[in-house]
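# Structural overview
The lines below spell out each chain.
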Amino acid sequence: MRVLIVEDKVKMAGQLWRALRGEGMVADVAVKGEDALWMAGATSYDAVVLDVMLPGIDGFETVRRLRAQGQWVPVLMLTARGRLEDRVAGLDGGADDYMTKPFELDELSARLRALVRRDAVERPTVLEVGTLRLDPASRRVWRDGEEIELAEKPFALLETFIRRPGVALSRLMLLESAWDHAYENRSNVVDQHVRALRERIDRPFGVKSIETVRGRGYRLREDGGR
């Protein structure tokens, strides 16, 4: 297991390096986010331990750039700031886990082992199908770079579609993805909201991305519509 430690404090970096080596891991150290980016591109790491407060670009920007470059290595962020908004920013930026200093080294090692078990699968923070882009964290949607405002239910339906491009989804599946248990189980509710969604994301752009699958329900075309 090879780990990249991104920490500019020499003492902390040394403690992490020794602890991980003691667990039988191979560890490299970077002191800046910029260094971490090229090292992650040049070496296949199983996990990254990333401090938030770094010289140059901070940990939040570093993890965002890693994901933008298609680097899906699991990232565990470290910070002395335990504020909720900091944890949210790290996780929404693409981190997989978050620990607040001070922490126990044994717990950090255990969390790294748990992260590695998940594998470095692609998990973008902004979902894209064709020219459609959806950011679940900021609840924003774009088509061809133009932002589209969506109400709550159409947004929930689009998120369900864009997470499963090319898959036919039944009306019941769509109901369960966008409504709580208090909804009235009527298929025409889904039909109405799908029509409204088409009016927002397709018609103004001259494309057809949401197809009706006779006898099944609806699906989002894998190319995002033409």
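You'll find the structure just up there.
My aim in this report is to walk through the structure given alongside it, one point at a time. Because the structure is a prediction, the values reported are computed rather than measured. (Residues numbered from 1 in each chain as written. Predicted model: local features only at pLDDT ≥ 70, side-chain atom pairs only at ≥ 80, totals over all residues. Heavy atoms only, no water.)

## Examining unusual backbone geometry
This is how it is decided: Put simply, DSSP H or I for four residues or longer makes a helix, DSSP E for two residues or longer makes a strand, and each gets a number counted from the N terminus.
Note that the residue after Lys101, namely Pro102, is joined by a cis bond; omega there is -5°. With respect to the element layout, Pro102 can be found in the loop between β5 (97-100) and α5 (105-117). Positive phi values are uncommon outside glycine, yet Asp144 reaches one of about 55°. In this structure, Asp144 sits in the loop between β8 (140-143) and β9 (146-148).

## Thoughts on the sheet that holds β5
For the record, the criterion: At least two DSSP bridges between two strands are needed for those strands to be called paired. Axis geometry follows a simple rule: fit a line to the C-alpha atoms, using only the stretch in contact for helices, then measure angles between N-to-C directions, giving values from 0 to 180 degrees.
Across the sheet, which stays open at both edges, the five strands sit in the order β2-β1-β3-β4-β5 with parallel pairing between neighbours. With one partner strand each, in any of the chains shown, β2 (26-30) and β5 form the two edges of the open sheet. Strand-to-strand, the axes of this sheet are offset by a mean angle of 20°, without reference to chain direction. One ladder, built from four bridges, connects strand β3 (residues 47-51) with strand β4 (residues 75-79); its direction is parallel.

## Some remarks on the packing of helix α3 (residues 59-68) against helix α4 (residues 84-93)
If you want to describe how two helices pack, look at the angle between their axes and the distance between the axes. Operational definition: Angles are sorted into four bins: roughly parallel if under 35 degrees, roughly antiparallel if over 145, roughly perpendicular if 65 to 115, and oblique for all others. Handedness of a helix crossing follows the sense of rotation of the near helix relative to the far helix, less than a right angle counterclockwise being left-handed and clockwise being right-handed. Here, two residues are considered to be in contact whenever any of their heavy atoms come within 4.5 Å of each other. Under the grouping applied here, Gly and all other residues not named as nonpolar or charged are polar, the nonpolar ones being Ala, Val, Leu, Ile, Met, Phe, Trp, Tyr, Cys and Pro and the charged ones Asp, Glu, Lys and Arg.
Viewed as axis vectors pointing N to C, α3 and α4 meet at an angle of 15°, and their least axial separation amounts to 8 Å. By the criterion of interaxial angle, the relationship of α3 to α4 is roughly parallel. For the pair α3 and α4, the sense of crossing is left-handed. Contact with α3, carried on its side by Phe60, Val63, Arg64 and Arg67, involves Asp86, Ala89, Gly90 and Gly93 of α4 and no other residues of that element. Split by residue class, the contact of α3 with α4 holds three nonpolar, two polar and three charged.

## Re the pattern of salt bridges
Here is the rule: Whenever a carboxyl oxygen of Asp or Glu lies within 4 Å of a side-chain nitrogen of Lys or Arg, that contact is scored as a salt bridge. Here the term buried applies to any residue with accessible area under 20% of the maximum for its type, exposed to any over 50%, and partly exposed to those in between, with areas from a 1.4 Å probe on protein chains only.
In the structure shown here, the tally under the stated rule is 19 salt bridges. For the salt bridge of Glu61 with Arg64, the shortest nitrogen-to-oxygen distance reads 3.1 Å. Within this pair, Glu61 and its partner Arg64 are both found in helix α3, separated by three residues, close to a single helical turn. You can call Glu61 partly exposed: its relative accessible area is 24%. For Asp96, the salt bridge identified is with Arg67, shortest N-O distance 2.9 Å. Taken as a pair, Asp96 in the loop between α4 and β5 and Arg67 in helix α3 lie far apart in primary sequence, 29 residues in all. The two residues Asp96 and Arg67 agree in class, both being buried. Several salt bridges share partner residues, and in doing so they unite Glu211, Arg219, Arg221 and Asp223 into one network.

## What about the packing of aromatic side chains?
What characterises a pair of aromatic rings is the spacing of the ring centres plus the angle enclosed by the ring planes. Put simply, the test is: Only rings of Phe, Tyr and Trp enter the pairing, Trp through its six-membered ring, and a pair is recorded when the two centres are within 6.5 Å. The plane angle decides the type: under 30 degrees is stacked, over 60 is edge-to-face, the rest tilted. Should the NZ of a Lys or the CZ of an Arg lie within 6 Å of a ring centre and within 35 degrees of the ring normal, that charge is described as sitting over the ring.
Taken as a whole, this structure holds zero aromatic pairs when the rule is applied. One residue, Arg133, lies across the ring of Trp142, its end atom 4.9 Å from the ring centre.

## Details of the sheet that holds strand β11 (residues 210-213)
Spatial ordering of the open sheet is given by β10-β12-β11, a layout of three strands whose pairing is antiparallel. Every other strand in the sheet has two partners, leaving β10 (169-170) and β11 as the edge strands with one partner each. Where β11 and strand β12 (residues 217-220) come together, four bridges link them in antiparallel fashion. Paired with Thr212 across the bridge in β12 is Tyr218. Where helix α6 (residues 152-162) meets the sheet, it contacts β10, β11 and β12, and its direction lies at approximately 70° from that of β12.

## Side note on the pairing of strand β7 (residues 132-135)
Consecutive side chains of a regular strand alternate in pointing toward one face of the sheet and then the other. Pairing geometry for strand β6 (residues 127-129) and β7, over three bridges, is antiparallel. If you follow Val129 over to β7, its bridge partner there is Leu132. Between the antiparallel neighbours β6 and β7 lie two residues, among them Gly130 with a positive phi of about 60°. Of the pairings in the sheet, the one linking β7 to β8 comprises four bridges and is antiparallel in character. By the bridge assignment, Leu132 is partnered in β8 with Arg143.

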